[in-house]
Amino acid sequence: MSQASRTRPSGSSTALSEAYDTALLDLDGVVYAGGQAIAHAVDALRTARDGGMHLAYVTNNALRTPAAVAEHLTELGVPAEPADVITSAQAVARLVADQLPEGARVLVIGGEGLRVALRERGLVPVESADDDPAAVVQGYGGPDMAWGRFAEASYAINRGLPWFASNTDLTIPGARGIAPGNGAAVEVVRIATGAEPQVAGKPLPPMHRETVLRTGAERPLVVGDRLDTDIEGAFNGGVDSLLVLTGVTDAAQLVTAVPEHRPTYVDADLRGLLTGQPEVTRTGEAYACGGWTASVRGGELVLDGDGEALDGLRALCAAAWSHAGDGACALDAGKAVARLGL
Ligand SMILES: [Mg+2]
């Protein structure tokens, strides 16, 4: 790693919606969960947009088209245009188009979002390994994806064709729980081929490049709920990030995060866009935020004081990240985090 590791969350004297021109928002666990809007998301996004912040939605899910995602967002009360939505299908289509001639045939294992994105790049989606494809592209195909599609991909890849994947998220959250995601489907094909796909989605550079090209953001802020996709993607792109705790990451995971998983800011939910962020101050080996002070004593993370739970979490992050330096924090964060009731 070339830059110094982040050792504490940053402060901001102005609202994040004013400090940054564009929010690059993850969807699942940030804006909605299981088809329902997350608490405070609709009002917070409306206020941020009315204040002049450009909102863009960045998803690793390649199944739905940007138009379908925008329609869903609009139904939830978050008005969006198709151009406001960037998907890993678009990112992988650009990656494929960079390497194949215009009009090349591509075997598609996935859904409509992937087919539309490939056609936009002048490529021709085909359905069979016998349709003379020049490459294989794999994206999430939804719960009804037939097993035979993985066989089709395997035949083509075993003939030596290059293989591309929209993303490798192993799981996908739904209304009834956790299901296998595109990363699990990629593993199925990998087992049958021994090959390695080129991957576009978060946290990899093709997705970040697609997002910057499509939004023209000058001071973007990545907003997400996952450390290993959203926050690591921001880290890889050299962009600031806000972690919200409405999705898959809990406070203990944040405290023990490795450097590339440490966000610039942390807040409970999207209302964090509308406020400044408190500073964490250091006195000796103790880190203070709001009414809380965190330190490492006798090999243990210790939290003293009281006040807003989020301030306590920010102080704990500073104590743990400083102590861990370039690695993951090996201290047990459970007891100190439990005091916050997050
Ligand atoms: Mg998410």
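Residues numbered from 1 in each chain as written. Predicted model: local features only at pLDDT ≥ 70, side-chain atom pairs only at ≥ 80, totals over all residues. Heavy atoms only, no water.

Engineer: Would you mind showing me how to read the overall build of the protein here?
Structural biologist: Helix and strand content of the protein: 12 helices and 19 strands. Its C-alpha radius of gyration of 21 Å places the protein within 12% of the 20 Å reference for a compact globule of 342 residues. Expressed along its principal axes, the backbone C-alpha trace of the protein runs to roughly 65 × 45 × 40 Å. Within the span of the protein, comprising 342 residues, buried residues form 52% of the whole. Carbon and sulfur atoms make up 50% of the accessible area of the protein, which amounts to about 14400 Å² in all. Side chains of the protein give 26 positive and 43 negative charges; the mean places of these two sets differ by 1 Å. (Helix = DSSP H or I, 4+ residues; strand = E, 2+ residues; numbered from the N terminus. Rg over C-alpha atoms; globule rule 2.2 N^0.38 Å. Buried < 20%, exposed > 50% of the residue type's maximum accessible area, 1.4 Å probe, protein only. Areas by Shrake-Rupley, 256 points an atom, 1.4 Å probe, with all protein chains shown as cover. Lys, Arg positive; Asp, Glu negative; His and termini not counted. Charge placed at Lys NZ, Arg CZ, Asp CG, Glu CD.)

Engineer: Explain the coordination of the magnesium ion here, please?
Structural biologist: In the first shell of the magnesium ion, the protein supplies Asp26 (OD), Asp28 (O) and Asp225 (OD), at 2.0 to 2.2 Å from the metal. Donor residues for the magnesium ion sit on one chain with the sequence pattern D-x1-D-x196-D. Owing to a relative accessible area of 9%, Asp26 belongs among the buried residues under this scheme. Overall, Asp28 belongs to the partly exposed group, its relative accessible area being 28%. (Donors = N, O, S within 2.8 Å, 3.2 Å for Na, K, Ca; no water.)

Engineer: Sorry, what's going on with helix α3 (residues 66-76) here?
Structural biologist: Along an α-helix, residues three or four positions apart point the same way, because every turn accommodates 3.6 residues. Buried residues of α3: Pro66, Val69, Ala70, His72 and Leu73, and no others. Down the axis of α3, the buried set is contained in an arc of 160 degrees. They therefore lie on one face. In α3, the exposed positions that point more than 90 degrees away from the buried face belong to Glu71 and Glu75. Among the structural elements, β2 (32-33), β4 (54-59), β5 (85-87) and α4 (88-97) are those in contact with the buried residues of α3. (Arc of directions from axis to C-beta. Contact = heavy atoms within 4.5 Å.)

Engineer: Just checking my understanding: could you explain unusual backbone geometry for this structure?
Structural biologist: Trans peptide bonds make up the majority, and among non-glycine residues the majority have a negative phi. At the junction of Lys202 and Pro203, the peptide bond is cis and its omega measures out at 10 degrees in the coordinates. Locating Pro203 in the fold gives a position in the loop between β12 (198-199) and α8 (205-215). Of note in the backbone geometry, His40 takes a positive phi value of approximately 75 degrees without being a glycine. Looking at the element boundaries, His40 is found in the loop between β3 (36-37) and α2 (41-50). Look at His40 and you get partly exposed, because its relative accessible area is 39%. Positive phi is not limited to glycine here, since Asp132 has a value of about 60 degrees. Mapping Asp132 onto the fold places it in the loop between β7 (124-126) and β8 (135-138).

Engineer: Can you walk me through the sheet that holds strand β6 (residues 105-109) in this structure?
Structural biologist: The strands that make up a sheet are held in pairs by hydrogen bonds between backbone atoms, and each pair lies either parallel or antiparallel. Pairing is parallel in the open sheet, where five strands are placed in the order β7-β6-β8-β9-β12. Because the sheet does not close on itself, it has two edges, and the strands there are β7 and β12. Bridge analysis of β8 against strand β9 (residues 163-165) gives three bridges, and the strand direction is parallel. By the bridge assignment for β9, Val137 is matched with Phe164. Seen against the sheet, α4 touches β6, β8, β9 and β12 and runs at an angle of roughly 155 degrees to β9. Packing against the sheet, helix α6 (residues 147-158) makes contact with β6, β8 and β9, and its axis sits at approximately 145 degrees to β6. (Pairing = 2+ DSSP bridges. Axes fitted to C-alpha atoms, helices over the stretch in contact; angles between N-to-C directions.)

Engineer: Would you explain the packing of α4 against α8 in this entry?
Structural biologist: Each pair of packed helices can be described by the angle between their axes along with the distance between the axes. Viewed as axis vectors pointing N to C, α4 and α8 meet at an angle of 100 degrees, and their least axial separation amounts to 9 Å. Between α4 and α8, the angle falls in the class roughly perpendicular. Contact with α4, carried on its side by Ser88, Gln90, Ala91, Arg94 and Leu95, involves Pro206, Met207, Arg209, Glu210, Leu213 and Arg214 of α8 and no other residues of that element. (Parallel < 35°, antiparallel > 145°, perpendicular 65-115°, else oblique.)

Engineer: How do you make sense of the packing of aromatic side chains when you look at a structure like this?
Structural biologist: For any pair of aromatic rings, the description consists of the separation of the ring centres together with the inter-plane angle of the planes. Under the counting rule described, the total for this entry stands at two aromatic pairs. When the ring of Tyr20 is compared with that of Tyr265, the centres are 6.2 Å apart and the planes differ by 80 degrees; the resulting orientation is edge-to-face. Of this pair, Tyr20 sits in the loop between α1 (16-19) and β1 (22-25) while Tyr265 is found in strand β15 (residues 265-267), placing the two residues 245 residues apart along the sequence. By the burial criterion, Tyr20 is buried, and Tyr265 matches it. Both rings, one in Trp147 and one in Phe150, keep their centres 5.5 Å apart while their planes meet at 90 degrees; by these two values the pair is edge-to-face. A residue pair is termed a helical-turn pair when its members lie 3 or 4 positions apart in one helix, as Trp147 and Phe150 do in helix α6 at three residues. Its relative accessible area of 61% is what places Trp147 among the exposed residues. Its relative accessible area of 11% is what places Phe150 among the buried residues. (Phe/Tyr/Trp six-rings, centres within 6.5 Å; stacked < 30°, edge-to-face > 60°.)

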